[in-house]
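Below, each chain spelled out in residue letters.
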Amino acid sequence: NKPFVGVHHLEAHILMARLFENMDFPFLALLVSGGHCQLLECRGIGQYTILGGTIDDSLGEAYDKTARLLGLQVGGGGGPAVEKLAQLGDPKSIRMTVPMHARKDCDFSYAGLKTNVRRAASKLVQQANLSSVEELSELDKANLAASFQHVAIQHIEQRLKRAMRIVEERSDVRTFALVGGVAANQELRSRLQSLCDDREWKMVVPPPRLCTDQGA
């Protein structure tokens, strides 16, 4: 006889930013998780306008697929595994294309970047005369992880800048919330904080333990 409480999964991610921070509506939010990648204008409970979303794969899924491709242990999730490995690599060692670079909207796409990673990995395997990606050296794997993460976040930065311009032109909103499972990524947090500092926006992000599916 317990009461049933319905919780909107994505809204809960967004509202988590307000749990520890004195943050009023309206604000701009970036929701990045295993299944979603969205930029939203948040005006109140149940009042959201989607400025952009993924047209294929989410950022979290791209991290997971990259982790599996590299043969990483993903017990704690593919994102943390790739992030940890990327710290040992050179983010500019392997050239990859920023998704939809010429497309002037706020949508996201990570299917092409996943293909970039696979092709780059296959090229390294051939050059080293190996039989599989898992046989690559730790440095090669680290460079792949770092290059993937660098370009994946560049894509986020480009889309977020565009969304900020849209919001700036029609309101005085200057508060940004980074939420969802991938918001626990420290490199993403650091680079988006720099972007917000440059544009004089306030950035709010929940502690990593509350970026995952809502334990609160």
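Going by the structure above, here's the rest.
The following refers to the structure shown. (Residues numbered from 1 in each chain as written. Predicted model: local features only at pLDDT ≥ 70, side-chain atom pairs only at ≥ 80, totals over all residues. Heavy atoms only, no water.)

Bridging between strand E2 (residues 37-44) and strand E3 (residues 47-53) involves six bridges; their strand directions are antiparallel. By the bridge assignment, Glu 41 is partnered in E3 with Thr 49. As consecutive antiparallel partners, E2 and E3 are separated by two residues, and within that stretch Gly 46 has a phi angle of approximately 75 degrees, a positive value. (Pairing = 2+ DSSP bridges. Helix = DSSP H or I, 4+ residues; strand = E, 2+ residues; numbered from the N terminus.)

Moving on, we come to the nonpolar core. Ranked by internal contacts, the top residues of the largest apolar core, which has 55 residues, are Ile 156 and Phe 176. Elements represented by at least two residues in this core include exactly strand E1 (27-32), E2, helix H2 (59-69), helix H3 (78-86), helix H4 (111-127), helix H5 (138-170), strand E4 (175-179) and helix H6 (186-199). Looking at this core element by element, the count peaks at 13 residues for H5. Discounting residues that sit within four places of it in the chain, Phe 176 has contacts with Leu 28, Ala 29, Leu 30, Leu 160, Met 164, Leu 192, Cys 196, Trp 201, Lys 202, Met 203 and Val 204. (Core = buried A, V, L, I, M, F, W, Y, C linked by side-chain atoms within 4.5 Å. Buried < 20%, exposed > 50% of the residue type's maximum accessible area, 1.4 Å probe, protein only. Contact = heavy atoms within 4.5 Å.)

Turning our attention to the pattern of salt bridges. For the structure on display, the rule yields 11 salt bridges. The closest approach of N and O atoms between Glu 21 and Lys 202, which form a salt bridge, is 3.1 Å. Taken together, the residues Glu 21 in the loop between helix H1 (9-15) and E1 and Lys 202 in strand E5 (residues 202-204) connect sequence positions 181 residues apart. For Lys 202, a relative accessible area of 37% puts it in the partly exposed group. Put simply, Glu 61 and Lys 114 hold a salt bridge, and the shortest N to O gap is 3.7 Å. Of this pair, Glu 61 sits in helix H2 while Lys 114 sits in helix H4, placing them 53 residues apart in sequence. Beyond isolated ion pairs, a larger network of salt bridges with shared partners links Asp 57, Glu 61, Lys 65 and Lys 114. (Salt bridge = Lys/Arg side-chain N within 4 Å of Asp/Glu carboxyl O.)

Turning next to H3. Most of H3 sits out of view: seven of its nine residues are buried. Structurally, H3 contributes buried residues whose contacts are with H2, H5 and H6.

All right, on to unusual backbone geometry then. For the peptide bond that leads from Phe 25 to Pro 26, omega is -5 degrees, which places it in the cis range. One non-glycine residue, Asn 129, lies in the positive phi region at around 55 degrees. Within the fold, Asn 129 resides in the loop between H4 and H5.

Function cannot be inferred from these measures alone, as they are strictly geometric.
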